[in-house]
Amino acid sequence: MKIVDLRSDTVTKPSLEMRQTIMEAEVGDDVYGEDPTINKLEEMSAELMGKEAALFVPTGTMANQIAVLVHTERGEEIILEERSHIYNYEVGGIALLAGVLPTLIAGEKAKIMPEQLKRAIKAPDIHAPKQTLLCLENTHNMAGGLVSTANEISELAQIATENGLKVHLDGARIFNAAAYLNTSPQEIVKDVDSMMFCLSKGLGAPVGSMLVGSREFITGAKRYRKMLGGGMRQAGILAAAGIYALENNRKRLAEDHNNAKILAEGINKLNGLKIDLETLHTNIVMIDITKPELGADELVTELEKNGVLTGSITDKRIRLVTHLDITTEDINYTLEVFNNIMN
């Protein structure tokens, strides 16, 4: 049976060219700072984001958790959008590891508005925790890959900075945002204090994320990476895949966005399914099930029986994610399967 895996853009497989690059990578001990391939990847990542330094870590979750640890002290308060990945999908790490209190904002279509942020920032009070960090997300996963513009990020960052808060950006799919906006990632993140991006999503590397910020921030991040078990040795074989991804797979992300648009427009024509096309910016398609008797788990199961792999988000919503291993033929086949199930 034909298999079309749309569960996530994390399911991509390294190409033969990427595997060759991995095999030929020059390596050393990265804990000693002696892996030349990791050093190159970190320098490249810092330059791409317009920051002073970068750190290679195994996962995006580790990158986000390290950022919170560096920017805060235990008992402090951080501000996040209520559907953010850091709050919902990182196993409560901000509570267990950093010991911080989250203040959640219900953004407008998952975007924190400037006035919302101003209301969430509290005047200093000995009875209240000190607010020290604002966490943003771009693209926003649970909002269907929604993109925030550079000006939107900068306006929020200015409010935060004026009130003594640092700003961290979960930019797991920042290159998707840049492709959608037809701008550089550096422009989007110019006013944040730290950010991370994933190599193992749309860029197609098998593993790894980059944490980026000032030299002082990265010095602190290295200690927490070691504490969390992320100190790696001859990991240049992993970094090589990241370098290949940055050099070869960034410019093709618009293809994933186009495939997602074709998929969404086709599905939206079917009775019983609804997609908000206005928020379909990148490669994530959120499908709301309006047919009363059909649940998300049931639809996911029926799709899987026909070789289309997806995932449920709620009992009436499923998510599809396009990526570099999805072809036009795969999109057409998926639309055929949806049509057969819903008609």
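What counts, and where the lines are drawn
Chains are numbered independently. Their residues run from 1 in the order of the written sequence. Note on the predicted model: pLDDT of at least 70 is required for a residue's local features to be given, and 80 or more for side-chain atom pairs to be given and counted; whole-chain, interface and lining totals, by contrast, use all residues. Side-chain measures were taken over the full set of non-hydrogen atoms in the model, leaving aside hydrogen atoms and water. If DSSP finds at least two bridges between two strands, the strands pair. Per the convention used, a helix needs a DSSP run of H or I reaching at least four residues, while a strand needs a run of E reaching at least two, with both numbered from the N terminus. Residue contacts are counted whenever heavy atoms from the two residues lie within 4.5 Å of one another. Comment: axis = line fitted to C-alpha atoms, over the contacting stretch for helices; angle = value between 0 and 180 degrees taken between N-to-C directions. UniProt positions are given in the numbering used here, feature names are shortened, and annotations may be inferred rather than shown by experiment. Only protein chains enter the accessibility calculation, which uses a 1.4 Å probe; a residue is then buried when its area is under 20% of its type maximum, exposed when over 50%, and partly exposed in between. A pairing counts as a salt bridge when a side-chain nitrogen of Lys or Arg comes within 4 Å of a carboxyl oxygen of Asp or Glu. Polar contact criterion, stated in full: a pair of N or O atoms within 3.5 Å, where within protein one must be able to donate a hydrogen and the other to accept it, and residues adjacent in sequence count only if both atoms are side-chain atoms. Cysteine sulfur atoms are paired as a disulfide whenever they fall within 2.5 Å.

We now examine the sheet that holds strand E9 (residues 273–274). With antiparallel pairing, the four strands of this open sheet are ordered in space as E9-E10-E13-E12. At either end of the open sheet lies a strand with only one pairing partner, and these are E9 and strand E12 (311–314). One ladder, built from two bridges, connects E9 with strand E10 (residues 284–289); its direction is antiparallel. Opposite Leu273, over in E10, you have Ile289 as the bridge partner. Contacts from helix H12 (residues 253–267) reach E9, E10 and strand E13 (317–321), with the element oriented near 10 degrees to E10.

Right, let's get into the UniProt feature "modified residue: N6-(pyridoxal phosphate)lysine" (unreviewed entry) in the chain. When the UniProt feature table is mapped onto this chain, "modified residue: N6-(pyridoxal phosphate)lysine" (unreviewed entry) is found at Lys201. Tracing the sequence through the fold places Lys201 in the loop between strand E7 (194–198) and strand E8 (209–213). Of the residues examined, Lys201 reaches a relative accessible area of 15% and is grouped as buried. Beyond its immediate sequence surroundings of up to four residues, Lys201 is in contact with Asp9, Thr10, Thr12, Ala172 and Arg173.

A separate point is the pattern of salt bridges. Following the criterion strictly, the structure yields 16 salt bridges and no others. The partner of Arg173 in a salt bridge is Asp9, with the nearest N and O atoms 2.8 Å apart. Placement of Arg173 in the loop between strand E6 (166–170) and helix H8 (174–181) and of Asp9 in the loop between strand E1 (4–5) and helix H1 (16–23) is noted, with a sequence separation of 164 residues between them. Accessibility expressed as a relative area gives 4% for Arg173, which makes it buried. Between Glu302 and Lys305 there is a salt bridge whose closest N-O contact spans 3.1 Å. Of the two residues, Glu302 and Lys305 both sit in helix H13 (residues 296–305), three residues apart, roughly one turn of that helix. Exposure remark for Lys305: the relative accessible area of 55% places this residue in the exposed category. One salt-bridge network, in which partners are shared between bridges, spans Lys2, Glu329 and Asp330.

Note on placement: Asn176 falls in helix H8. Owing to a relative accessible area of 2%, Asn176 belongs among the buried residues under this scheme. At 3.0 Å, the side chain of Asn176 and the side chain of His257 are in polar contact. Leave out the neighbours within four places in its chain, and Asn176 touches Thr139, Leu253, His257, Thr282 and Asn283.

Further remarks concern the state of the cysteines. Disulfides are covalent bonds that connect the sulfur atoms of two cysteines. Overall, the coordinates contain zero disulfides when judged by the stated rule. Cys135 provides the cysteine sulfur closest to Cys198, a residue in no disulfide bond, and the two sulfurs are 15 Å apart. Given the relative accessible area of 3%, Cys198 is considered buried.

The seven strands are arranged E2-E8-E7-E6-E5-E3-E4 in an open sheet whose pairing can be described as mixed. Of all the strands in the sheet, just strand E2 (53–57) and strand E4 (101–105) have a single pairing partner and so form its edges. The mean inter-strand angle of the sheet, taken between neighbouring strand axes irrespective of direction, is 20 degrees. Both E6 and E7 contribute to a ladder of three bridges, which runs parallel. Residue Leu169 lies in a different strand from E7, and its bridge partner there is Met195. With respect to the sheet, helix H10 (residues 215–227) is in contact with E2, E7 and E8, its orientation differing from that of E2 by roughly 20 degrees.

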